[in-house]
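# Tertiary structure, described
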Amino acid sequence: MIKFILRRFVVMIPQLIILSVLIFALAKAMPGDALTGQLASNPKMDAQTLHELKQKLGLLDPPYKQYLHWAGGLLHGDMGMSVIHQVPVTQLLAGRMENTLILSLAILILSYMIAIPLGIVGGRWTDSWADKMVVGYNYLTFATPLFIFALIMLFIFGFVLNWFPTSGSVDIRVEDGTFSYYMSKLNHLILPALSGAIVNTTVTIQYLRNEIIDTKIKDFVKTARAKGVNESKVYTQHILRNSFLPIAAFLGYEIVYLIGGSVFLETIYGYPGIGQLFIASISQRDFSVVTALVMISGLATLIGTLLSDIILSAVDPRIRIE
Amino acid sequence: MKKKNVVKLLTPVIAAGLLLSACNSSTGGTTKNSASNTKKEDISTFPMVVKNTKKPVSDGVLNFAQVSDTPFEGTLNYAFYQGQPDYEILQFFDEPLFSTNGDYEFTNDGAATYKMSNDNKTITVKIKDNVNWSDGKPVTAQDYEYSFLVIGNKDYTGVRYGDAIIQSIVGMKEYHEGKAQNISGIKIIDDKTLSITFASANPSLLTGLWPYAMPKHYLGDVPIKDLAKSDKIHKTPIGFGPFKIKKMVPGESVQFERNDDYYHGKPNLQGVVLKVVNPKVILQSLKKGEVDVADFPADQYPAAKGSKNFQFVGKIDLAYNYIGFKLGHWDAKKGVSVMDNPKFQDKNLRQAMGYALDEKSVGEKIYNGLRFPATSLIPPSFPTWSDPKANPVGYDPAKAKKLLDKAGYKDTDKDGLREDPNGKKFTINFLAMSGGDTAEPLARFYIQSWKNVGLDVKLVDGRLAEFNSFYKMVEEDDPKVDLFAGAWGTGTDVDPYGLYAKDASFNYSRFVSEKNEKLLAEGHSDKAFDKDFRKKTYSEWQKYMNDEMPVIPTLFRSAITGVNNRVTNFSVDPKDSSFVWSKVGVSSDTPDAQ
C-alpha cells in the first residue's frame with residue numbers, strides 16, 4: 001500500500017510539469033494582458049509609459065524566460081504577483097480560500113444529508129409514490145441551472161420572507177470573534193449553501209438508488225433473506241454497506257470541488273471566493289492568478305484520485321492495491 | 001456623483017459600452033420605422049439633488065451599495081488603485097486637496113488653496129492649517145510632494161505616470177530616469193506650502209493636476225516598489241476625508257466611522273457601511289431598504305420606475321460611444337499615427353455611414369431613452385465645452401445614399417450592394433465587442449442600417465470579439481478591422497488631446513490632420529486659460545471632427561443613482577461633488593422599505 005502511494009506520488013511529478021507547461025502556454029495564448037483593459041479606459045497614458053510598465057511586469061520577456069521565472073517561483077512556493085489586485089497571489093488565494101472552503105464544505109455536508117436519505121428511500125421502495133417523488137426531484141434539480149435557482153432562492157428567502165441576509169459572508173457590524181460573529185457567518189452561509197446543495201444531489205441519489213436496486217436482487221441478499229434475517233437488517237447490514245461503495249469512491253474527487261468554488265453562488269450572494277476570482281482573473285488576464293489556480297486544482301485532482309483509490313481499497317476488500 | 005468627476009479617475013466603460021438591455025430581432029430589420037411605442041425617459045427630467053426636506057437625525061448610519069458582480073480589490077490608495085470599486089471606497093476616507101466647481105476646475109474651498117503664476121507655468125499650493133490625517137498628523141507640503149515622488153519613481157508599479165501633466169513637471173523626467181533625487185520643479189516653501197513648475201502652461205492643469213497627497217510619515221518607510229502590496233494600503237489605509245475606516249471584510253464590505261476632526265466640519269452621518277451588491281438584486285435591495293444609495297443599472301430602470309421608498313437622481317455621464325474608422329496605423333518607433341489606409345480616406349463615405357445610423361431609435365428602444373444620440377466628441381456633461389450645435393450627423397438615409405453616389409460608390413452589378421469607385425466589390429469589416437444580451441442585436445442593427453444604404457458590412461471573423469481580443473486588434477491595427485465600435489470614459493479633464501492627437505496611442509482611428517493638431521494644441525495652450533477662447537476652439541474642433549468624421553459619435557449616456565427617501569442632501573451635481581459625503585444625512589434611523 002505504502003509503495004503504491006509512493007509510486008503514485010512519483011508519477012505526479014512529470015504530470016505536474018506537463019500541466020504547468022500546458023497551463024502557461026494556454027494562458028499566454030489568450031489575447032491581451034492585464035494592462036489591456038485597464039489602460040483602454042485610461043486615456044491619460046502614453047505609449048512610452050505603457051511600454052515601461054509592461055517591461056517592469058516582465059510581459060515583454062520571451063515566453064520561455066517568463067515560464068522559467070514562473071516555474072522557478074512555484075518551486076519556492078511563490079506564485080507571483082497579481083497585477084490586478086497588486087498583492088502576492090498566495091496572499092490573495094489564502095484570503096479567498098477560507099470562504100470557499102467553508103461554503104463548499106457546507107454544500108457537501110448538506111447535499112449528503114439530503115441525498116443519502118432520498119437515495120435510500122428511492123432504492124428500497126422502488127416505484128412507490130415516494131420513489132417517484134425522489135426521481136421527480138432528481139430530474140427537476142438536475143435540470144435547474146444553479147444561477148437561476150440561486151436567484152430564486154435569494155428572492156424568496158432573502159427578500160420576500162426576510163429569513164436570511166442577502167449578500168456577503170458576514171455582517172460587518174458585529175465584532176470579530178464573538179458568538180454573534182459566528183452566528184452571523186452561519187446565517188450568511190445557510191442560503192448559498194442550501195442553494196448549492198439542493199441542485200448538487202443528483203449524482204449521489206442516482207448512484208445510491210441504482211446500487212440499492214441492483215444489490216437487492218443479488219444472491220447474497222437472497223441468501224440472507226432465506227436464512228430469515230429480518231428485512232431492516234437486510235438493508236442496513238447487507239445492502240446499504242455495499243451500495244455506499246461508489247459514493248465512497250467519489251469522495252476523493254470532492255476535494256477538487258471543495259477548493260474550486262462556485263462562480264454563480266459567489267457572484268449572486270456577494271460571497272467572495274475562488275470561483276469568482278478565477279473567472280474574473282481570466283477575463284482580466286491576470287495570468288499569475290489563473291495559472292496558480294489551475295495548478296492548484298490540477299494538484300488537487302491528482303491527490304483526489306489517489307485518495308479515492310485509497311478509500312475504495314479500504315472499504316472494499318475485493319480491490320487490492322499492490 | 002463623484003463617480004467620474006475626479007480628475008484622471010476614469011472608469012472602465014468600455015466593457016459596459018456595448019452592454020445593452022433588450023432589443024428584439026425585429027428592430028434589426030425595420031430601420032426606417034423609428035416611431036416607438038415604448039415610453040422613453042429623458043435624463044434632463046431627472047433631478048440631480050434628492051428631495052428630502054426633513055431634518056437629518058444625529059448619528060445616522062448610511063448603507064452604501066457597491067453595485068458590482070466582483071469583489072473589490074482593496075488597493076486603497078489613489079496612486080495605485082485600478083478599478084472603480086476601489087475608488088468608491090476611497091472617496092469616503094480620503095479626498096483631493098482641491099475642491100472643484102461645475103466644470104470640474106479647482107476652487108479654493110477645499111483642503112488647499114492655489115495660485116497660478118503670471119505666466120501660468122507655476123502653481124503655488126497652500127494646505128490649510130486644520131487639515132489632518134486621520135491619525136492626527138497634519139497634512140503637509142511634503143505629503144503632496146511625496147505623492148509625485150512615488151508616481152514618478154522608477155520603482156512605481158501603478159499606472160498614473162502616463163499622464164501628460166505629471167510628465168510636464170519640470171525635472172520629472174530626470175527623476176523618473178533616476179538621474180535626480182528630487183523633482184526640481186517641485187519646491188517646498190514651508191511645511192504647508194509648495195510650488196510646482198511646469199514646462200508649458202496648460203489650462204487642463206486646473207482640472208487635471210494630480211490633486212492627492214499621500215501620508216509620508218505613514219508610508220515613507222515602505223520601499224516604493226513594495227507600496228502597492230503593503231498592508232498600509234490594503235488593510236489600514238489612512239486619509240483626511242470625512243470618514244475613516246473602522247473595519248473591512250476583504251472584497252465584500254467596509255465599515256466607516258465619522259472623522260470628527262474633518263477639516264470641513266463634522267460630517268452629518270456617524271458612519272457609512274459599504275457593501276458589494278450584485279446588479280441582479282440591486283432593485284430588490286433598494287426596495288427592501290437594505291441599501292440607501294446605489295448606482296443603478298440603466299437597463300433595469302423600467303422595472304424600478306414608480307418605486308415608492310426610493311427616488312432617482314441622475315446626470316449625463318462623462319462618456320460616449322463611438323464607431324471608429326481605421327484610417328492608418330500606429331508607428332511605434334516614432335510614436336505617431338500614420339494615416340495610410342486607403343479604404344476610408346473619402347470623408348463622404350465616412351459621413352454617409354454616420355447618416356445611415358438611427359441612434360435615436362437605438363437609444364429609445366434599447367435604453368428607454370437613457371442613452372441618446374451623441375452630437376459630438378465632447379459629452380454634455382461638460383456643459384461649458386460641449387457644443388450641441390456642432391453640426392451633428394443625424395439619421396438621414398437619403399443623404400447617406402446621395403453622399404455615397406457622389407463619392408462614386410455605386411451598385412454597378414445590381415446586387416443591391418454598392419461597389420467601390422473602381423467597380424470592385426466593397427466589403428467593410430466591422431469589429432464589435434461582446435458583452436451583455438444586446439451587443440449582438442445592436443451590431444446587427446448597425447450592419448442592417450448600412451445595408452439599407454447599400455453598404456456591405458460584415459462582422460470581423462463573423463462574430464463579436466471578446467473584450468481583450470477587441471482591444472488587441474484595435475490597438476495593433478489588425479488589418480482585418482476596418483471599422484470598430486468602442487466607448488470612452490473621458491474623465492473630468494475635457495482635453496481630448498490624449499484620444500485624438502497624432503502622437504496619442506489611443507487615437508485608434510489613426511486620424512491625422514494639420515487642423516486637428518492645431519486645434520488640439522490650442523485647446524490646451526497658454527491662450528486657452530481664457531475660457532472664451534478655449535470654448536471657441538473646442539467648438540470648432542467638435543464641428544471639424546463631425547465634418548471629417550474619423551469616428552462617428554453614436555450615443556451619450558445617463559448615469560442614475562437610486563437613493564432611499566430617508567437620505568438628505570445627496571447630490572450628483574458636479575458642483576456639489578467636493579463635500580457631498582460630509583453633508584449627506586439620514587432623516588430617520590431606519591430606511592424606508594417597500
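What counts and how
- Residue indices begin from 1 for each chain and proceed along its sequence in written order.
- Chain A is the first chain written and ligand 1 is the first ligand written, with later ones labelled in order.
- Whole-chain, interface and lining totals are the exception, using all residues; otherwise, since this is a predicted model, local features are given only for residues with pLDDT of at least 70 and side-chain atom pairs are given and counted only at 80 or more.
- Secondary structure is summarised from DSSP: a helix means a run of H or I of at least four residues, a strand means a run of E of at least two, and numbering begins at the N terminus for each.
- What the globule rule says is 2.2 Å times the number of residues to the power 0.38, and the radius of gyration is computed from C-alpha atoms.
- Labels follow a simple rule on C-beta atoms placed from the backbone: if 20 or more others lie within 10 Å of a residue's own, it is buried; if 12 or fewer, it is exposed; otherwise it is partly exposed.
- Any residue pair is listed as a contact if its two C-beta atoms, each placed from the backbone, are within 7 Å.
- Strand pairing is assigned whenever DSSP detects at least two bridges linking the two strands.
- Note that the domain bounds reflect an automated or database-derived domain assignment.
- Only Asp, Glu, Lys and Arg are considered charged, only Ala, Val, Leu, Ile, Met, Phe, Trp, Tyr, Cys and Pro nonpolar, and every remaining residue, Gly among them, polar.
- In predicted models, pLDDT denotes the confidence assigned by the predictor to each residue on a 0 to 100 scale.
- Comment: axis = line fitted to C-alpha atoms, over the contacting stretch for helices; angle = value between 0 and 180 degrees taken between N-to-C directions.
- An angle below 35 degrees is treated as roughly parallel, one above 145 as roughly antiparallel, one from 65 to 115 as roughly perpendicular, and anything else as oblique.
- By the definition used in this description, the sense in which the near helix is turned from the far one sets the handedness, with an anticlockwise turn below a right angle giving left-handed and a clockwise turn giving right-handed.
- To count as a nonpolar core, a set of buried Ala, Val, Leu, Ile, Met, Phe, Trp, Tyr and Cys residues must be joined through C-beta atoms within 7 Å.
- An expected span of 1.5 Å times one less than the residue number is assigned to each helix.

### Quick word on the overall build of chain B
Within chain B one finds 21 helices and 21 strands. Scaling as 2.2 N^0.38, a compact globule of 594 residues should have a C-alpha radius of gyration of about 25 Å, and chain B matches this with 25 Å. On the principal axes, the C-alpha backbone points of chain B span a range of 80 × 60 × 40 Å. Expressed as a percentage of the 594 residues in chain B, the buried residues total 57%. Long-range contacts, defined as pairs at least 24 residues apart, comprise 72% of the intrachain contacts of chain B with a sequence gap of at least 6.

### Some details on the overall build of chain A
In terms of helices and strands, chain A carries 15 helices and zero strands. Taken along the three principal axes of its C-alpha coordinates, chain A extends 85 × 55 × 40 Å. Expressed as a percentage of the 322 residues in chain A, the buried residues total 34%.

### Section: the pairing of strand β10 (residues 271–277) of chain B
Residue and element names in this part refer to chain B. Taking burial as the measure, the seven residues of β10 include six buried ones, the bulk of the element. Judged from the seven bridges that link them, strand β1 (residues 61–67) and β10 form a sheet pairing that is parallel. Residue pairing across strands places Leu62 opposite Val272, the latter belonging to β10. By the bridge criterion, five bridges tie strand β9 (residues 253–258) to β10 in an arrangement that is antiparallel. By the bridge assignment for β10, Val254 is matched with Leu274.

### Some words on the domain arrangement of chain A
Residue and element names in this part refer to chain A. Assigned domains of chain A: these are domain 1 (2–75) and domain 2 (93–315). Averaged C-alpha coordinates put domain 1 and domain 2 at centres separated by 33 Å. Each side of the interface is counted separately: domain 1 has 17 residues, and domain 2 has 12 residues. When contributions to the side of domain 1 that touches domain 2 are tallied by element, the ones reaching two or more residues are α1 (2–29) and α2 (34–40). In terms of residue count, α1 provides more of the side of domain 1 that touches domain 2 than any other element does, 10 residues in total. Each residue belonging to the side of domain 1 that touches domain 2 can be placed in one class, and the counts come to 10 nonpolar, five polar and two charged.

### Here's the deal with the domain arrangement of chain B
All names here are of chain B. In terms of domain boundaries, chain B breaks down into domain 1 (46–93 + 241–292 + 566–586), domain 2 (99–228) and domain 3 (317–358 + 389–487 + 497–554). If you average the C-alpha positions of domain 1 and of domain 2, the two centres end up 26 Å apart. Domain 1 puts 13 residues into the contact, and the matching count from domain 2 is 23 residues. Grouping the amino acids of the side of domain 1 that touches domain 2 by side-chain chemistry returns five nonpolar, five polar and three charged.

### Things to note about the confidence of the model for chain A
Across chain A, pLDDT averages 86, with 97% of residues at or above 70. When mean pLDDT is compared element by element in chain A, helix α6 (residues 129–143) of chain A scores highest at 92, while α2(A) scores lowest at 69.

### Concerning unusual backbone geometry
All names here are of chain A. Of note in the backbone geometry, Arg285 takes a positive phi value of approximately 60° without being a glycine. For Arg285, the location among the structural elements is in the loop between α14 (274–283) and α15 (287–315). On the basis of neighbour counts, which here come to 24 C-beta atoms within 10 Å, the residue Arg285 falls in the buried class.

### Notes on the interface of chain A and chain B
Note: interface size is frequently given as the accessible area lost on complex formation between the parts. Listed per partner, the contact involves 44 residues of chain A and 54 residues of chain B. Those elements giving two or more residues to the side of chain A that touches chain B turn out to be α2, α3 (47–56), α7 (146–160), α13 (263–268) and α14 of chain A.

### Some details on the packing of helix α19 (residues 514–523) of chain B against helix α20 (residues 531–548) of chain B
Residues and elements named next belong to chain B. Where α19 contacts α20, the axes come no closer than 9 Å and their chain directions differ by 155°. On the basis of the axis angle, α19 is roughly antiparallel to α20. Two packed elements cross with a definite hand, and for α19 against α20 that hand is left-handed. Judged by residue contacts, Lys515, Asn516, Leu519, Leu520, Glu522 and Gly523 of α19 engage Arg534, Thr537, Tyr538, Glu540, Trp541 and Tyr544 from α20.

### Focus on the nonpolar core
Of all hydrophobic cores here, the largest spans 186 residues; its most connected members are B:Val272, B:Ile282, B:Val293, B:Ala294, B:Tyr320, B:Ala352 and B:Leu431. Apart from residues no more than four positions distant in its own chain, B:Val272 is found in contact with B:Val61, B:Leu62, B:Phe64, B:Phe92, B:Phe243 and B:Phe256. Within the second largest apolar cluster, 22 residues are counted, among which are A:Met81, A:Ile84, A:Ile259 and A:Phe287.

### Points about the environment of B:Gly178
All names here are of chain B. Mapped onto the fold, Gly178 is located in the loop between α6 (172–176) and β6 (186–190). On the basis of neighbour counts, which here come to 10 C-beta atoms within 10 Å, the residue Gly178 falls in the exposed class. In this structure the C-alpha to C-alpha distance between Gly178 and Asn153, which are 25 residues apart in sequence, comes to 7.6 Å.

### Observations regarding the sheet that holds β6(B)
All names here are of chain B. On the basis of which strands lie adjacent, the open sheet formed by four strands has the order β4-β5-β7-β6 and antiparallel pairing. Taken across any chain shown, the strands that pair with only one partner, and hence form the sheet edges, are β4 (112–116) and β6. On average, adjacent strands in this sheet sit at an angle of 20° to one another, irrespective of strand direction. Taken together, the four bridges between β6 and strand β7 (residues 193–197) define a ladder with antiparallel strand orientation. Bridge pairing links Ile188 to Leu194 in β7.

### Notes on the environment of B:Ala65
Residue and element names in this part refer to chain B. One can find Ala65 in strand β1. Judged by the 28 C-beta atoms lying within 10 Å of it, Ala65 falls in the buried class. Sequence separation of Ala65 and Leu286 is 221 residues, and the distance between their C-alpha atoms is 9.1 Å. Those residues in contact with Ala65 that sit more than four places away from it in its chain are Lys275, Val277, Ile282, Ser285, Val291, Val293 and Ala294.

### Description of the packing of α1(A) against α15(A)
All names here are of chain A. The geometry of α1 relative to α15 is characterised by a closest axis approach of 10 Å and an angle of 155° between their N-to-C directions. Taken together, the axis directions place α1 and α15 in an arrangement best described as roughly antiparallel. Here α1 and α15 pass one another in a crossing that is right-handed. Seen from α1, the contacting residues are Ile5, Arg8, Met12, Gln15, Leu16, Leu19, Ser20, Ile23, Phe24 and Ala27; seen from α15, they are Phe287, Val290, Thr291, Val294, Met295, Gly298, Leu299, Leu302 and Leu306.

### Considerations on helix α9 (residues 202–216) of chain A
Residues and elements named next belong to chain A. Here α9 spans 21 Å end to end across 15 residues, near enough to the 21 Å set by a 1.5 Å rise per residue. Of all the residues in α9, the buried ones are Thr204, Ile205, Tyr207, Leu208, Arg209, Glu211 and Ile212. Where α9 is buried, its residues meet α5 (89–124), α6, α11 (231–243) and α12 (245–260).

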